[in-house]
Amino acid sequence: MSDDHVIDPDGQPIAVPEDAEDSRTALSDLVEQPAKVMRIGGMIRQLLDEVKSAPLDEASRSRLREIYEQSIAELKDGLAPELVDELERLSLPFDAESPTEAELRIAQAQLVGWLEGLFHGIQAALYAQQVQAQTQFANMRLALPEGGRPGQQAQPTESQGNRSDVAGSSGMYL
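Parameters and conventions
Counting starts from 1 at the beginning of each chain's written sequence and moves along it residue by residue. Given that this is a predicted model, residues contribute local features only at a pLDDT of at least 70 and side-chain atom pairs are listed and counted only at 80 or more, while totals for whole chains, interfaces and linings are drawn from all residues. To obtain the side-chain values, all non-hydrogen atoms of the structure were included, while hydrogens and water were left out. Think of it this way: any DSSP run of H or I at least four residues long counts as a helix, any run of E at least two long counts as a strand, and we number them from the N terminus. A helix is expected to span 1.5 Å multiplied by its residue count minus one. To sort residues, take the accessible area from a 1.4 Å probe on protein chains only and compare it with the maximum for the residue type: under 20% means buried, over 50% means exposed, and anything in between is partly exposed. Our arc is simply the arc of the directions from the helix axis toward the C-beta atoms. Throughout, a residue-residue contact means that at least one pair of heavy atoms, one from each residue, lies within 4.5 Å. For every residue, the predictor reports its confidence as pLDDT, a number between 0 and 100. In this description, a nonpolar core means a group of buried Ala, Val, Leu, Ile, Met, Phe, Trp, Tyr and Cys residues linked to one another through side-chain atoms lying within 4.5 Å.

Colleague: Mind laying out helix α3 (residues 34-53), listing which residues take part and the relevant values?
Modeller: Side chains three or four residues apart in an α-helix point the same way, a direct result of the helix having 3.6 residues per turn. Its 20 residues give α3 an end-to-end C-alpha distance of 29 Å, which sits within 8% of 28 Å, the value for a rise of 1.5 Å per residue. Those residues of α3 that sit buried are Lys 36, Val 37, Ile 40, Gly 41, Ile 44, Leu 47, Leu 48 and Val 51. Projected onto a plane normal to the axis of α3, the buried residues spread over an arc of 130° and lie on a single side. Looking at α3, the residues exposed on the side facing more than 90 degrees away from the buried face are Arg 39 and Ser 53. In this structure, the buried side of α3 is in contact with α4 (58-78) and α6 (101-143).

Colleague: Tell me what's going on with the confidence of the model for the protein, and back it up with residues and numbers.
Modeller: On average, residues of the protein score 75 in pLDDT, and 67% of them reach the 70 mark or higher. Looking over the protein, one finds the lowest element-wise mean pLDDT in helix α1 (residues 18-23), namely 45, and the highest in helix α5 (residues 81-90), namely 90. Confidence drops under a pLDDT of 50 for residues 163-167, and excluding neighbours within four residues, the segment shows one contact in the predicted structure.

Colleague: Pulling in residues and values, what's your account of the nonpolar core?
Modeller: Ranked by internal contacts, the top residues of the largest apolar core, which has 26 residues, are Val 37, Leu 75, Leu 79, Leu 111, Trp 114, Leu 115 and Leu 118. For this core, the secondary-structure elements that each account for two or more residues are α3, α4, α5 and α6. Top contributing element to this core by residue count: α6, with nine residues. When residues no more than four places from it in sequence are discounted, the contact partners of Leu 111 are Ile 44, Tyr 68, Ile 72, Leu 75 and Leu 87.

Structure, rendered in structure tokens:
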């Protein structure tokens, strides 16, 4: 255990294991280009909706296969290596030049599901970072002197009075 402590929701200090921070991977390390990943995810979702609503001829299926494979390649460009490995394991290439509608639907639904899982993971990580930052802020506030800011003297209470009134201030500011 390290000497670092955080405050739990009940206000009690709890120790943080030394390896806790080392085991966490920064969100920016997992998704290097989040905007790109979000755009591709939106496009794939729209394509899946289109595939569901209309029958596809051979040329359309070939084109969708190309779009799917290009989307996978673009996604790999915006992700960390461990996510790229996972994506490669899940997105197997099509056997035929023109896959069936069912094959396309399954592949695209799988990719949309994976991306939604990724987005939920990102949201969970952002929430965890927010909670951690709030906890650190609460810990910092508890460590401050009574005045509220480091190096600041405590404000006089009403019983102490306002010293400028006692000193006979002329009301002018210098």
